[in-house]
Amino acid sequence: MHGQQAPALEAHDPTERRSQPDAPPASGHGKGFRPDVEGLRAVAVGVVLLYHAGVPLISGGYVGVDVFFVISGFLITGLLVRELERSGRISLTGFYARRARRLLPSTAVVLAAVALLAWLLMSPVERKTVAKDLAAAALYVVNWQQASLAVDYSALGAEASPVQHFWSLAVEEQFYLVWPLLIIAIGWWCTRRGGKAVRPRLALALGAIAVASFAYSVHLTQQEAGAAYFSTFTRGWELAVGGLIALVPADAWRRLPGRLAGALALGGIAAIAVAALGFSDETPFPGSAAALPVLGAAAIIAAGAAAQDTAGAKLLGTAPMRYVGRISYSWYLWHWPAVAFATVKWPGISTAQLAVVVAASWVPAALTHKLVENPVRVSRALAPVGRGLVLGLACTAAGALLGWLTWATVPTMKLADPSQAVGAAALQDSTKVQESASVLSPLPEDADADEGAVYGNGCHAGQRDTEAEGCVYGDKKSDTTVALFGDSHAAQFSPALISIAEERGWRLVILTKSACTPAKVTIYNRQYERDYTECDDWRASAVERIADEKADLVLVGNRDDQAAMRGGDKLDGDDNTAALRDGMSATLRELKENGADVTAFADIPYPPQDIPSCVSGATDQLTDCAFPLREGLEYEQVTTEAAKRAGVPVIDLAPELCPDGTCPAVIGNVIVYRAGEHITETYMQTLTDWLDSQLPKSVRGEKDS
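It should be emphasised that the depicted structure is a prediction, and the values quoted were computed from it without experimental measurement. (Residues numbered from 1 in each chain as written. Predicted model: local features only at pLDDT ≥ 70, side-chain atom pairs only at ≥ 80, totals over all residues. Heavy atoms only, no water.)

Observations concerning the overall build of the protein
Part 1 of the argument: In terms of helices and strands, the protein carries 29 helices and 19 strands.
Part 2 of the argument: By the compact-globule yardstick of 27 Å for 705 residues, the protein fits well, its C-alpha radius of gyration being 29 Å.
Part 3 of the argument: Overall, the protein is about 95 × 50 × 50 Å in size when its C-alpha atoms are taken along their principal axes.
Part 4 of the argument: Taking all 705 residues of the protein together, 59% fall into the buried category.
Part 5 of the argument: Taking the contacts inside the protein whose residues are at least 6 apart along the sequence as the reference set, 82% of them involve residues at least 24 apart. (Helix = DSSP H or I, 4+ residues; strand = E, 2+ residues; numbered from the N terminus. Rg over C-alpha atoms; globule rule 2.2 N^0.38 Å. Buried < 20%, exposed > 50% of the residue type's maximum accessible area, 1.4 Å probe, protein only. Contact = heavy atoms within 4.5 Å.)

Written out as structure tokens, the structure is:
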């Protein structure tokens, strides 16, 4: 999961040279320039760049985000507290005006470049997605957007957004909407009580925030690691740790022995290195694991506050490190769009080539830093608070407008009417791949939502659900009960089955759950990044419900490409295949033993690319979106093999999807696939007669009789 993440950068740069007129002190309590802090920014951005370049050694390079959060909390808290102690007040407008000058002009430039590159390189469907992302990034809410996608099973196949790295900046901005107000409130409270010292009381407040946020981070990471990664509430403690260092008086830090300061600095560097080298995408994160890079960064900053002549401080303060630290914000902004668009332009790009792309992103980063970021930040014309705020509002509005323009300029096409959207019936005349289309159903931009009634009315269980409630369709008083059991690869058959149930007078019970295999085996949940225990509970409930229903027929569907768990570890290779196959066989046998006839659906071919996106950009050359059947079946056929072992018949949809060994993206003006490897409701409806003919005669005879 972390492979699609990008780091946070502190939005203010108090480590710039003292010759720059508005650069505040960097120590958090002193007046000197902190070259070690500037160099620490280089470490943070460096490990992230290497990680996103795919360098295998830096498997945990995403911890750069945590280092940046600590730096940001340290610098900004020190800035605000010194202002309060110096003047007895904090100018919120001045604070936000400075942040606007520092952050938003470069942001606007990068968002404009993303909008342009999306128009040049992406399909219409992809551009619509980027349009929403641009607006969310400009408004600093993209972290919540990404958190919602992280728990959406259908979003697994989506390409990484070229602006999703703005999630980290959104976290900072949301934190700094609250923290300055809390400082003001505590300062006011201290003044009312005879001028009591502010720092100790701020430390209590910030410490409470840190403890609560850390506890919540550990909890949510254990439950929903995907959502936890992006949450402001799970990341706030990291900024708070930096703030706590800034609240310690300078004299207290200076009393640290030089050897202890040196050991702290080197220990902090080692902690970050261990995390960057030792963590991986399989590490539950942030959670308790984030403590290693956070405390490492805190140790480095604290050591530098005590002494600047340690080996660690000297290493971080070298000229190359300081240079990378100075341009780290701009480099951060540019590197991820470069990665995202490179993978769009050159699918399958190698690690070496991606490393070149990341390195090349230094060019626009350096230019942006020199021509936009620095000049605007030190501009005397923009120094007045009002002008800074106007600049910020203008840049934010420009980003949101770019999102709207990107959306508004996406071309669309005409929706096919029922007489034109014939779907599978077209194969009766010709099995040749449809080469072009002037009308389509569903439209490419609507295809992912073309999923069937069981989704719209809440009958498809969510990932948190543990009780198999399901829904009943058809004739609810019928003596013939058919159950559909499985995950979304079972639910995709529901549109045709509901039509068949209504025609034949069945009582159709739908028991499906997102990402939950019917196989009796614990699997890995990709969004929660842990054992999918909710699936185990729901599966047991569903099997019991089917037994209670005394179903005449149980239809079982499953996504074969799953990862089984054993002892908290994911299985792979033959061990994984065996565990999934044996688990599916056990489920099929148990259903048979409960007295039902059982039939399994073979899993379908998986497209190598997002079909609606491809179709939207190739309506005159649809053959570009077709793929060989053998490529679509490059996974272990778990369900089919398990059904053979359990003596259960199999219904295989592949011949109807891929006639003559080729899988078209569009058949009879109907888009076949949605949301990765799911069949659209529209195309499934056109398979109703075919599916009816494949069902066991024990439940097909009622209509004919």
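What about the environment of Arg201?
Part 1 of the argument: Structurally, Arg201 is set in helix 7 (residues 198-230).
Part 2 of the argument: When its relative accessible area of 27% is taken as the criterion, Arg201 is described as partly exposed.
Part 3 of the argument: Put simply, Arg201 and Asp603 are 402 residues apart on the chain and 61 Å apart in space, counted from C-alpha to C-alpha.
Part 4 of the argument: When neighbours within four sequence positions are excluded, Arg201 is seen to be in contact with Ile186, Trp189, Cys190 and Lys196.

Remarks on unusual backbone geometry
Part 1 of the argument: Between Phe285 and the following residue, Pro286, the backbone shows a cis peptide bond with an omega angle of 10°.
Part 2 of the argument: Cis geometry marks the peptide bond from Ser441 to Pro442; its omega dihedral reads -10°.
Part 3 of the argument: Looking at where Pro442 falls in the secondary structure, it is placed in the loop between strand 2 (439-440) and helix 18 (453-456).
Part 4 of the argument: If you check the backbone angles, Tyr140 has positive phi at about 60° while not being a glycine.
Part 5 of the argument: In this fold, Tyr140 is placed in the loop between helix 4 (124-138) and helix 5 (142-150).
Part 6 of the argument: With phi around 60°, Asp660 is a residue other than glycine that occupies positive phi space.
Part 7 of the argument: Positionally, Asp660 belongs in the loop between helix 26 (654-657) and strand 15 (662-663).

A short note on a nonpolar patch on the surface
Part 1 of the argument: Side chains of Leu116, Leu117, Trp119, Leu120 and Leu121 sit close together on the surface and give an oily, nonpolar patch of about 480 Å² of accessible area.
Part 2 of the argument: Assignment of secondary structure puts Leu120 in helix 3 (residues 92-121).
Part 3 of the argument: Since its relative accessible area comes to 53%, Leu120 is described here as exposed. (Patch = residues over 30% accessible without salt bridge, like charges linked within 9 Å, V, L, I, M, F, W, Y side chains within 5 Å. Areas by Shrake-Rupley, 256 points an atom, 1.4 Å probe, with all protein chains shown as cover. Salt bridge = Lys/Arg side-chain N within 4 Å of Asp/Glu carboxyl O.)

A few points about the pattern of salt bridges
Part 1 of the argument: Enumeration according to the criterion identifies 24 salt bridges in this entry.
Part 2 of the argument: Measuring nitrogen to oxygen at the nearest pair gives 3.1 Å for the salt bridge that ties Lys570 to Glu282. Taken together, the residues Lys570 in strand 11 (residues 569-570) and Glu282 in the loop between helix 10 (258-278) and helix 11 (291-306) connect sequence positions 288 residues apart.
Part 3 of the argument: Overall, Glu282 belongs to the partly exposed group, its relative accessible area being 46%.
Part 4 of the argument: Two residues, Glu435 and Lys432, come together in a salt bridge whose shortest N-O distance is 3.6 Å.
Part 5 of the argument: Connected through shared salt-bridge partners, Glu38, Arg322 and Arg326 make up one network.

Overview of helix 14 (residues 328-345)
Part 1 of the argument: Counted at 1.5 Å a residue, the expected span for helix 14 with its 18 residues is 26 Å, and the 26 Å between its end C-alpha atoms agrees.
Part 2 of the argument: Helix 14 sits mainly inside the fold: 14 of its 18 residues count as buried. (Expected span 1.5 Å × (residues − 1).)

Some details on the state of the cysteines
Part 1 of the argument: Applying the stated criterion to the full structure yields four disulfides.
Part 2 of the argument: Between the sulfur atoms of Cys459 and its disulfide mate Cys471 the distance is 1.8 Å. Its S-S torsion of about -85° marks the bond between Cys459 and Cys471 as left-handed, since a negative value means left-handed. On the criterion of sequence distance, the pair formed by Cys459 in the loop between helix 18 and strand 3 (460-461) and Cys471 in strand 4 (residues 471-474) is long-range, its members being 12 residues apart.
Part 3 of the argument: Here Cys459 falls in the buried class, since its relative accessible area comes to 5%.
Part 4 of the argument: A disulfide bridge connects Cys516 with Cys535, and the sulfur atoms are separated by 2.1 Å. A torsion of 85° about the S-S bond marks the disulfide between Cys516 and Cys535 as right-handed. Here Cys516 is found in the loop between strand 6 (507-513) and strand 7 (524-525), whereas its partner Cys535 is found in helix 21 (residues 533-549), with 19 residues between them in sequence. Residues Cys516 and Cys535 agree in their burial class; the two are buried. (Disulfide = S-S within 2.5 Å.)

Let's talk about the packing of helix 3 against helix 4
Part 1 of the argument: The N-to-C vectors of helix 3 and helix 4 enclose an angle of 175°; their axes lie 10 Å apart at closest approach. What the angle tells us is that helix 3 and helix 4 run roughly antiparallel. Two secondary-structure elements touch here, helix 3 through Leu111, Val114, Ala115, Ala118 and Trp119 and helix 4 through Arg127, Val130, Leu134, Ala137 and Ala138.
Part 2 of the argument: Across the contact of helix 3 with helix 4, the residue classes tally to nine nonpolar, no polar and one charged. (Axes fitted to C-alpha atoms, helices over the stretch in contact; angles between N-to-C directions. Parallel < 35°, antiparallel > 145°, perpendicular 65-115°, else oblique. Nonpolar A, V, L, I, M, F, W, Y, C, P; charged D, E, K, R; others polar.)

Functional significance is not addressed by these values, which are geometric in nature.
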